[in-house]
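# Descriptive structure summary
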Amino acid sequence: MKIIVLAKHAADPESEIRVSADGKGVDEKGLVFDINDWDRYAIEEAIRIREQHGGEVIVVGVGYADDTLRKCLAMGADRAIKIPLDTGMDSYQTAKVVKEAIADESFDLILTGLMSQDHNNALVGTLLAGMLDIPFATAVTSISVEDGRVRAVRELEGGFGEENILPLPALLTIQSGINEPRYVSIMGIKRAKTKELREVSVDAGESMIQVDKVYIPPVEKAELIEGSPEEIAEKLIEILRDRGLI
Amino acid sequence: MMRVFAIAEIGSEELDPVSIELLNLANAIKGDGTSEAVVIGDDVSSYAEELAKHADRVWKVEDSELKNYNPELYVDVLLQLFSKEKPDVVLVANSSRGAEYAPVLAVKLNAPVVTDIVGLDVSNGVRATRYIFQGKLLVDVLVREAETYVFTVRQGVFKDECTVQGEIVDSGIKPSAEVKREFVGIVEPEAGEVDISQADVVVSVGRGIDDASNIELAEELAEVLGGVVAGSRPVIDSGWLPKDRQVGISGKTVKPKLYLALGISGAFQHIMGMKDSELIVAVNKDPEAPIFGVAQYGIVGDIFDVVPALIEKLREIKG
Ligand SMILES: Cc1cc2nc3c(=O)[nH]c(=O)nc-3n(C[C@H](O)[C@H](O)[C@H](O)COP(=O)(O)OP(=O)(O)OC[C@H]3O[C@@H](n4cnc5c(N)ncnc54)[C@H](O)[C@@H]3O)c2cc1C
Ligand SMILES: Nc1ncnc2c1ncn2[C@@H]1O[C@H](COP(=O)(O)O)[C@@H](O)[C@H]1O
């Protein structure tokens, strides 16, 4: 099995999110970057499949992805491909450059995260599947590799799932919770240093979208209960009592 | 003259309300053009009639092979339809299914695609509005000029109805693609010991609970309040609570008398599962957390300060 995994070095939505001065982006100050949460599950899944069935795991990152690619190598990926282009919020461009960068790799399976934690497009995987014309399934919560094909359960609404069988090569986008991603070990970090991280230059092509404006959503806020923890507790109990809840 | 197509979403044996919302948006932007619904399945007549109340035209695409959803067949029949009936805009629900096939449809139509939109303006170029950073920011994106645009649309946003009585057309289209992906079956959710959708009080914990060992704190609070403990997705993904305790779009929908959100940011997928609760109280240390947009009462603070104080005071009362 030759498995390609996409991994994005992405800003954590729980870091400090502020609109940049030009109103067209996010202020980099305060942002904490790490491997996109969904991609952590995808890389783990790929490594597990290789551990069971043999083969190779190649991790691909677009942008300033070194830390995340090194992390994936430390987790157990065999080699990494970096495409040093800033494709911003444009998933189409990202999918396009990945397609070009992997043109010479004869893969069996591509795994991507369901969505990126910063821009939440949930597009790169499906667009890539469309561009490559291969069978695909999204929001996958369980995978078993069989002879020349893969059995995948994908998540629907309300806790339901949908089981499908796809012939290889195929592309799956991975939903969180599919596995328990391993931690990076010291040994893993040491080993990663000797692994290949190759930079590939491809043409960025045209962009599909342009950011016009980034802004804070106007919302009506809850009535705040303030004070010391004890005062807050008392006020809240008052509210619950008024409503007959205690 | 603009033609706006909305692809209907069929739930379990019924028309998903988001289908009408797609048509509401279509009617709002069509100008002197048309809103046209497409309904795909093995027997869609009753859905078509419902849709015709909200669309200028409804296209039926019927075949026994379309009984179960398959993205390859959906793309196939839609491409056949769109090769004759040229759409300017295609609207698809941002559901587990719509979000899967719409981007591939876009690739094949050579159309730009924007997902999970909450606003669309076609008056001067094409501008779509969507959330980023899990609901913390909004962005307006300008989409490159194209013959056709594809959008997946967030549910629950375009509620303003506009009644139009349209015609129903049998498209005569049959699936022609050789399917690679084979549908095996639907997997039912596992039933657990506690049904959180039946509880009057739900104490719900998010990633802010930080560690499996802290779940105990929520359990103590639930006990004194006579409620049950539930959680957001990361808590379930981490294995700190069983899957049947998950609140949200891919978990359960709850409408208790009291929903207490502890360390939950309030992502859309979570909100969808609890927004209709009678009383929502949120505790979060981030004053900007989107959860404060759906809560009636908010406490900006640390759950590890607030919750123990609350448990203590409640115990005092109960004696
Ligand atoms: C297809 C799909 C389906 C999904 N389905 C669901 C679903 O069914 N249910 C669901 O919940 N999510 C679902 N999600 C995930 C959803 O998008 C969010 O990622 C998730 O809801 C975030 O959970 P959270 O609020 O617990 O975590 P976070 O977003 O990480 O928020 C944690 C919050 O805790 C606060 N906090 C941290 N420490 C403390 C403290 N000590 N005291 C007080 N506050 C603190 C932080 O300020 C933050 O606001 C789905 C996503 C996708 C893409
Ligand atoms: N810059 C990137 N580098 C590598 N992979 C990416 C990048 N952007 C997106 N992806 C992959 O595509 C998935 C979906 O991303 P998105 O379409 O941005 O929501 C992510 O989970 C990643 O697996």
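These remarks concern the structure in this document. By convention here, each chain's residues receive numbers from 1 onward along its written sequence. Chain letters start at A and ligand numbers start at 1, both assigned in the order the entries are written. In keeping with the predicted nature of the model, local features appear solely for residues at pLDDT of at least 70, side-chain atom pairs appear and are counted solely at 80 or more, and the whole-chain, interface and lining totals rest on all residues. Each side-chain value is worked out from all heavy atoms of the structure, with water and hydrogens disregarded.

Here a strand pair is declared whenever DSSP counts at least two bridges between the two strands. Numbering goes from the N terminus for both helices and strands, where a helix is a DSSP run of H or I of at least four residues and a strand is a run of E of at least two. Spatially, the 10 strands line up as an open sheet ordered E12(A)-E7(B)-E6(B)-E5(B)-E8(B)-E4(B)-E1(B)-E2(B)-E3(B)-E9(B), and their pairing is mixed. The outermost strands of the open sheet, each flanked by one partner alone, are strand E12 (209-215) of chain A together with strand E9 (167-170) of chain B. Across the sheet, the mean angle separating the axes of adjacent strands is 35° when strand polarity is ignored. Pairing of E12(A) with strand E7 (residues 137-143) of chain B, which is carried by 6 bridges, proceeds in the antiparallel orientation. Note on E7(B): the bridge partner recorded for Tyr215(A) is Leu138(B). Interaxial angle, 0 to 180 degrees, is taken between N-to-C directions of lines fitted to C-alpha atoms, where a helix line uses only the stretch in contact.

Residues and elements named next belong to chain B. We call a residue near a molecule or strand as soon as one heavy atom of that residue lies within 4 Å of the molecule or strand. Taken together, 32 residues surround ligand 1, and among them Ser-232, Val-247, Ser-250, Ser-265 and Asn-284 come closest. Polar contact is the term for a pair of N or O atoms within 3.5 Å; when the atoms are in protein, one must be able to donate a hydrogen and the other to accept it, and sequence-neighboring residues count only if both atoms are side-chain atoms. Taking Ser-265, its side chain carries an N or O atom lying 2.7 Å from an oxygen atom of ligand 1. Here Gln-269 contributes a side-chain N or O atom positioned 2.9 Å from an oxygen atom of ligand 1. Among the secondary structure elements, those contributing two or more residues to the shell around ligand 1 are helix H6 (233-237), helix H7 (268-271) and helix H8 (303-318).

The 10 strands are arranged E11(A)-E5(A)-E4(A)-E1(A)-E6(A)-E10(A)-E7(A)-E8(A)-E9(A)-E10(B) in an open sheet whose pairing can be described as mixed. Across the chains shown, the open sheet's two edge strands, defined by having one partner strand only, are strand E11 (196-199) of chain A together with strand E10 (182-187) of chain B. Each strand of the sheet is rotated relative to its neighbour by a mean of 30°, with strand direction disregarded. Of the strand pairs in this sheet, strand E9 (residues 161-167) of chain A and E10(B) are connected by 5 bridges, and their pairing is antiparallel. Counted as the bridge partner of Glu163(A) is Gly185(B) from E10(B). Across the sheet, helix H3 (residues 91-101) of chain A is in contact with strand E1 (2-6), strand E4 (56-62) and strand E5 (79-83) of chain A; its angle to E4(A) comes to roughly 140°. For this analysis, residues touch if any pair of their heavy atoms sits within 4.5 Å.

Remember that the coordinates give geometry; whether it matters functionally is a separate question.
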